[in-house]
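Coordinates in review
Here is what each chain is made of, one letter per residue.
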Amino acid sequence: MKKLPTHIAFIMDGNRRWAKKRGLNKMLGHKKGAEVLVSVIKELNKINEIKYASFFAFSTENWNREQKEIDAIFHLIEEMFEKNEQEFNNLNIKFVVMGDISRFPVVMQEKLIKVQENSKNNSGLTVLLALNYGGRDDIAQAVNKLLKANFKSVTEEDIKRNLLSYPAPDIDFLIRTSGEQRVSNFMLFQLAYSEMYFPKYCWPALTKKRLYKALKIYSKRNRRFGGN
C-alpha cells in the first residue's frame, strides 16, 4: 500500500445486531466486540505508519440504555485491561482515555487512571479510548479552557491544542461498522477532512482480512483537503 493513515478511528457499531442475527444474547455481542477491539489494537500496533487509533467505546448518549447492559459494558472494559494490560505494556502501547469518567464506578475510574499512568511513557501505538465522550462536548470544554485562560480571541489551533485527543493529529481515516453512515457526535473537530468508510458488517465481524481491505481502500483515496 502506497499510503496508510497516521491516525485511524473506529465507531464500533453493531454488537447487538451481530448477536441478534445469531440468536444470541446482546451481551455476547458486546463480549465478542471487546475481543475484536483487543485484536485490532494488537494488529494496528504492528503497522509502523499508524501512530494513533481512536475507538468510540461509550458515548454520552449510551447512558439511555438499560442499566444491566451498561454495567455489562463497564465490566467488559475492566476485564479487557485485567487480561491484557501486561501484554499491552509489553507491546509498548500507550492508552489515553477521552471523556468524563467521573460518572463511572469508582473501581473502573481507578483502573482507567492506572492504565493511563502505567502506559504514559510507551512509544508504540497510542490508543485513544472514548468513554462517556461527545464531540460537541469536547469542543465546548476546549473553549471553556481557553476562556478560563483569558483568551481574547480563539484560533482553530488554540481549540485543537485543548481537545481531549491532543497531541494526536486529525483523523485520517474513519471506519464505522454496521453500514450506518453518520459520525454520531464522535470527534467532530478532528474529522474535518477525514476519509470515511462504512462497511455493512457489524463490529464483531471485523476480521484481520477486512481490516487490511479497509486500509487498502484508504490507500487508493485521493485526499485533496479542499484543493484540486
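Everything numeric in this text was worked out from a predicted model, so none of it was measured.

In this model helix α4 (residues 106–119) runs 20 Å from its N-terminal to its C-terminal C-alpha over 14 residues, within 8% of the 20 Å that 1.5 Å per residue would give. Listed in full, the buried residues belonging to α4 are M108, Q109, K111, L112, V115 and S119. One face of α4 carries all of its buried residues, which in axial projection span an arc of 165°. Looking at α4, the residues exposed on the side facing more than 90 degrees away from the buried face are V106, V107 and E110. The inward-facing, buried residues of α4 contact α3 (67–90), β3 (94–98) and β4 (126–133).

Bringing the packing of aromatic side chains into the picture now. For the coordinates displayed, the defined rule picks out 17 aromatic pairs. Taking the centre distance of 6.4 Å and the plane angle of 70° together, the rings of F81 and F88 count as edge-to-face. In terms of burial, F81 and F88 fall into one category: buried. For the pair F173 and Y218, a centre-to-centre distance of 5.0 Å together with 40° between the ring planes defines the contact as tilted. Taken together, the residues span a long stretch of sequence, with F173 in strand β5 (residues 173–176) and Y218 in helix α7 (residues 208–219) at a distance of 45 residues.

This paragraph deals with the side chain of E69. Here E69 is to be found in helix α3. Its relative accessible area of 1% is what places E69 among the buried residues. Engagement of the side chain of E69 in a polar contact is seen with the side chain of R65, the distance being 3.3 Å. Leave out the neighbours within four places in its chain, and E69 touches R16, K26, M27 and H30.

What follows concerns the pairing of β4. Across the eight residues of β4, eight count as buried, placing the element largely inside the fold. By the bridge criterion, seven bridges tie strand β2 (residues 52–59) to β4 in an arrangement that is parallel. Across the sheet, A53 pairs through a bridge with V127, a residue of β4. Looking at chain direction, β3 and β4 are connected through five bridges and run parallel. Residue M98 lies in a different strand from β4, and its bridge partner there is A130. With α4 bridging β3 and its parallel neighbour β4, the resulting β-α-β unit is left-handed.

Taken as a whole, this structure holds 19 salt bridges when the rule is applied. With its nearest N and O atoms 3.1 Å apart, the salt bridge here joins E35 to K31. Taken together, the residues E35 and K31, both in helix α2 (residues 26–44) and four residues apart, mark about one turn of the helix. With a relative accessible area of 37%, K31 lands in the partly exposed category. Where R223 meets D172, a salt bridge forms, and the shortest distance between an N and an O atom there is 2.8 Å. Of this pair, R223 sits in the segment after α7 while D172 sits in the loop between α6 (156–160) and β5, and the two are 51 residues apart along the sequence. Take R223: its relative accessible area is 17%, and that puts it in the buried class. Where salt bridges share partners, they join D13, R17, R176, E180 and R182 into one cluster.

Once that is clear, we can look at the nonpolar core. Core analysis: the biggest nonpolar cluster contains 49 residues, and F10, L44 and F55 have the highest contact counts within it. With seven residues, α3 is the largest single contributor of residues to this core. Those residues within four positions of L44 in sequence are excluded, and the remaining contacts are I8, F10, I50, A53, F55, L125 and L211. By size, the runner-up hydrophobic cluster in this structure holds 15 residues, among which are I11, F56, M98 and M187.

Each value, and the rule that gives it
Residues numbered from 1 in each chain as written. Predicted model: local features only at pLDDT ≥ 70, side-chain atom pairs only at ≥ 80, totals over all residues. Heavy atoms only, no water. Helix = DSSP H or I, 4+ residues; strand = E, 2+ residues; numbered from the N terminus. Expected span 1.5 Å × (residues − 1). Buried < 20%, exposed > 50% of the residue type's maximum accessible area, 1.4 Å probe, protein only. Arc of directions from axis to C-beta. Contact = heavy atoms within 4.5 Å. Phe/Tyr/Trp six-rings, centres within 6.5 Å; stacked < 30°, edge-to-face > 60°. Polar contact = N/O pair within 3.5 Å; in protein donor to acceptor, adjacent residues only side chain to side chain. Pairing = 2+ DSSP bridges. Right-handed = clockwise from strand over helix to strand, strands pointing away. Salt bridge = Lys/Arg side-chain N within 4 Å of Asp/Glu carboxyl O. Core = buried A, V, L, I, M, F, W, Y, C linked by side-chain atoms within 4.5 Å.

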